[in-house]
Amino acid sequence: MADVEGVTVRDMRAADVPEALDLLEEVAAEGIWLGTEPGFDRHRRREHWLDGLSDPMVRTLVVVDRATDRLVGQGTVHAARYGVAELGMNLAADWRGRGVGGLLLDALIEAARGMGAHKAELQVWPHNEPALRLYLSRGFAVEGRVRAHYRRASGQVWDAILMGLGLDRVLADGSHGSGLPDAPCLPSSIQIRDA
Ligand SMILES: CC(C)(COP(=O)(O)OP(=O)(O)OC[C@H]1O[C@@H](n2cnc3c(N)ncnc32)[C@H](O)[C@@H]1OP(=O)(O)O)[C@@H](O)C(=O)NCCC(=O)NCCS
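Residues numbered from 1 in each chain as written. Predicted model: local features only at pLDDT ≥ 70, side-chain atom pairs only at ≥ 80, totals over all residues. Heavy atoms only, no water.

A.B. asks: Any chance you could explain the site of the ligand here in plain terms?
C.D. replies: Around the ligand lies a shell of 21 residues, among which Met89, Leu91, Gly97, Gly101 and Asn128 are the nearest. With respect to the ligand, the side chain of Arg96 contributes an N or O atom lying 3.4 Å from a nitrogen atom. Taking Arg98, its main chain carries an N or O atom lying 3.2 Å from an oxygen atom of the ligand. Bound to the protein, the ligand loses 70% of the 930 Å² it would expose on its own. In terms of residue count, the dominant contributor to the shell around the ligand is helix 4 (residues 129–137) (six residues). Its residues placed into classes, the shell around the ligand shows eleven nonpolar, six polar and four charged. (Near = heavy atom within 4 Å. Polar contact = N/O pair within 3.5 Å; in protein donor to acceptor, adjacent residues only side chain to side chain. Areas by Shrake-Rupley, 256 points an atom, 1.4 Å probe, with all protein chains shown as cover. Helix = DSSP H or I, 4+ residues; strand = E, 2+ residues; numbered from the N terminus. Nonpolar A, V, L, I, M, F, W, Y, C, P; charged D, E, K, R; others polar.)

Here you go:
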């Protein structure tokens, strides 16, 4: 088990927002990990996070280095009314690879459960091995790959991997679609025959 002593994971406060924005800018500037790209609208993101502090469908967590009080990570859960919680997270570069991501992800999953979600979902770039490994280690399953989906500032269009984690019996019991039979024109590779 990785050493994750020295950090605290707690809810974001309004006073954390400037530092969390700085962190997001840093990670976005690396260019290969996040959907968010350099030049994102800082003001809009600030408002979004501040609104989220009073929204019961949103939890934003931060990771704080207890020795320095520096904000070194941030993660968010957005619960949709249909019961799926979308997760996102990022850590400062010098805090990666030490297990802190697992601590934050576990807290985000607990937050999603606390919001009554039956499922957590996220999207990740196919090249992001640390994130993929982390999500797989927590039981997330790959549900698909959306192809040529996200246009980047560079003009490239990237694929993304969709991952999901059941938080109650709904997924543990298997996927049964709507209960109505799948349309026969669906490719057989994705048909559910026992619906
Ligand atoms: C993704 C992220 C949250 C993971 O957190 P972390 O604390 O670095 O993760 P961990 O230290 O627990 O490592 C997770 C796994 O990746 C592996 N790993 C770590 N660094 C790696 C690297 N550079 N290359 C390949 N694997 C790596 C670890 O060994 C571990 O795998 P294991 O459980 O099979 O041993 C963090 O790296 C991060 O913030 N990255 C930049 C932003 C980002 O990618 N956010 C997610 C967007 S979907």
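A.B. asks: Any chance you could explain the sheet that holds strand 4 (residues 84–91) here in plain terms?
C.D. replies: Sheet strands line up and pair through hydrogen bonds in the backbone, either parallel or antiparallel. The seven strands lie next to each other as 1-2-3-4-5-7-6, forming an open sheet whose pairing is mixed. Each end of this open sheet is capped by a strand with a single partner; those strands are strand 1 (7–11) and strand 6 (141–151). Sheet twist, expressed as the average angle between the axes of neighbouring strands with direction ignored, equals 25°. Relative to strand 4, helix 3 (residues 100–114) is tilted by about 160°, and along the sheet it contacts strand 1, strand 2 (58–65), strand 3 (70–79), strand 4 and strand 7 (157–166). (Pairing = 2+ DSSP bridges. Axes fitted to C-alpha atoms, helices over the stretch in contact; angles between N-to-C directions. Contact = heavy atoms within 4.5 Å.)

A.B. asks: Explain the nonpolar core to me, please; I cannot follow it from the model alone.
C.D. replies: It is characteristic of soluble globular proteins that their nonpolar side chains tend to be buried jointly. With 47 residues, the main nonpolar core has Val77, Leu87, Leu105, Val124, Tyr135, Phe140 and Met163 as its most contacted residues. Mapped by element, the contributors of at least two residues to this core are helix 1 (17–30), strand 2, strand 3, strand 4, helix 3, strand 5 (119–124), helix 4 and strand 7. Ranked by residue count, the leading element in this core is helix 3, at seven residues. Beyond its immediate stretch of four places on either side in the chain, Val124 contacts Ala131, Leu132, Tyr135, Ala160, Ile161 and Met163. (Core = buried A, V, L, I, M, F, W, Y, C linked by side-chain atoms within 4.5 Å. Buried < 20%, exposed > 50% of the residue type's maximum accessible area, 1.4 Å probe, protein only.)

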